[in-house]
Amino acid sequence: WARRCVQETGHGSDTSSGMVFCPHVNGQYGVREYSEVLSNHLGIEVGIYSGAPPRGFDRREWDSTKANTARSYKRNEVTLMACTRAFGMGIDNQNVRYTVHIGLPSSIESFYQEAGRAGRDREKAECGIIISNDDQRRTATVLGANTTIEAITQIVDDAGYSENDDILRCMWFH
């Protein structure tokens, strides 16, 4: 899907662009890591943007990099961003054709705001969420209407790091 979107990207006013929302600045689900993966798989430059500096950047260097990256995105020189939700508040590109969320957004309102950055020109846009749901039985229990908060807490606490999926990570934050 992403490869098709990138291949359909034109030039100038016909450029299509996208945003991949990452849950973290650093680590396995961070903007830098996803930027590298996407760039390698798609063969294009992928910008990064987050409120806080990724590892290896000091604040001043990061602020300059952020400003340059946002400017390049607005000018359609970079057409795909790996970003946190900090990106897009001042970006009003009319040509955003897709948004992708890595993991569950923190709330329905967050998803609505971030997905709404695509299709502002009222042309077709696509929005997706990529999640892991490794144990569907456990998920059904955790999200069950009759499951107590104490039971959910126990399930989340008992799961080791290797057993975590997006559902449990979301529950941990809640």
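The coordinates are above.
Definitions and limits used
- Residues numbered from 1 in each chain as written.
- Predicted model: local features only at pLDDT ≥ 70, side-chain atom pairs only at ≥ 80, totals over all residues.
- Heavy atoms only, no water.
- Pairing = 2+ DSSP bridges.
- Helix = DSSP H or I, 4+ residues; strand = E, 2+ residues; numbered from the N terminus.
- Axes fitted to C-alpha atoms, helices over the stretch in contact; angles between N-to-C directions.
- Contact = heavy atoms within 4.5 Å.
- Buried < 20%, exposed > 50% of the residue type's maximum accessible area, 1.4 Å probe, protein only.
- Salt bridge = Lys/Arg side-chain N within 4 Å of Asp/Glu carboxyl O.

Novice: An account of the sheet that holds strand S2 (residues 47-49) is needed here, citing residue identities and associated values.
Specialist: Spatial ordering of the open sheet is given by S2-S3-S1-S4-S5, a layout of five strands whose pairing is parallel. Single-partner strands in this sheet number two, and they are S2 and strand S5 (126-130). In this sheet, adjacent strand axes meet at a mean angle of 20° when their direction is disregarded. Together, strand S1 (17-21), S2, strand S3 (80-83) and strand S4 (96-102) form the strand contacts of helix H2 (residues 31-42), whose direction differs from that of S3 by roughly 150°. Against the sheet, helix H4 (residues 108-115) contacts S1, S4 and S5, and its axis sits at roughly 150° relative to S4.

Novice: An account of the environment of Met 19 is needed here, citing residue identities and associated values.
Specialist: Relative to the elements of secondary structure, Met 19 occurs in strand S1. Here the alpha-carbon distance between Met 19 and Glu 114, two residues 95 residues apart in the chain, equals 9.0 Å. If we skip the residues at most four places from it in the chain, Met 19 touches Tyr 73, Leu 80, Met 81, Cys 83, Phe 87, Val 96, Tyr 98, Thr 99, Val 100 and Arg 117.

Novice: Run through unusual backbone geometry, naming residues and quoting values.
Specialist: In terms of backbone geometry, most residues other than glycine have negative phi values and most peptide bonds are trans. A positive phi angle, close to 65°, is found at Asn 76, a residue other than glycine. Structurally, Asn 76 can be placed in the loop between helix H3 (59-74) and S3. Located in the positive-phi region is Arg 122, a residue other than glycine, with phi close to 70°. In this fold, Arg 122 is placed in the loop between H4 and S5. Since its relative accessible area comes to 80%, Arg 122 is described here as exposed.

Novice: Could you give an account of the pattern of salt bridges, with specific residues and numbers?
Specialist: Per the counting criterion, the structure on display carries two salt bridges. For Asp 63, the salt bridge goes to Arg 59, with nearest N and O atoms at 3.4 Å. Of this pair, Asp 63 and Arg 59 both sit in helix H3, four residues apart, which is roughly one turn of the helix. Across the pair Arg 97 and Asp 121 runs a salt bridge, and its minimum N-O distance is 2.9 Å. Remark: Asp 121 occurs in the loop between H4 and S5 and Arg 97 occurs in strand S4; sequence separation between them is 24 residues. In this structure Asp 121 comes out as partly exposed when scored by relative accessible area, which is 27%.

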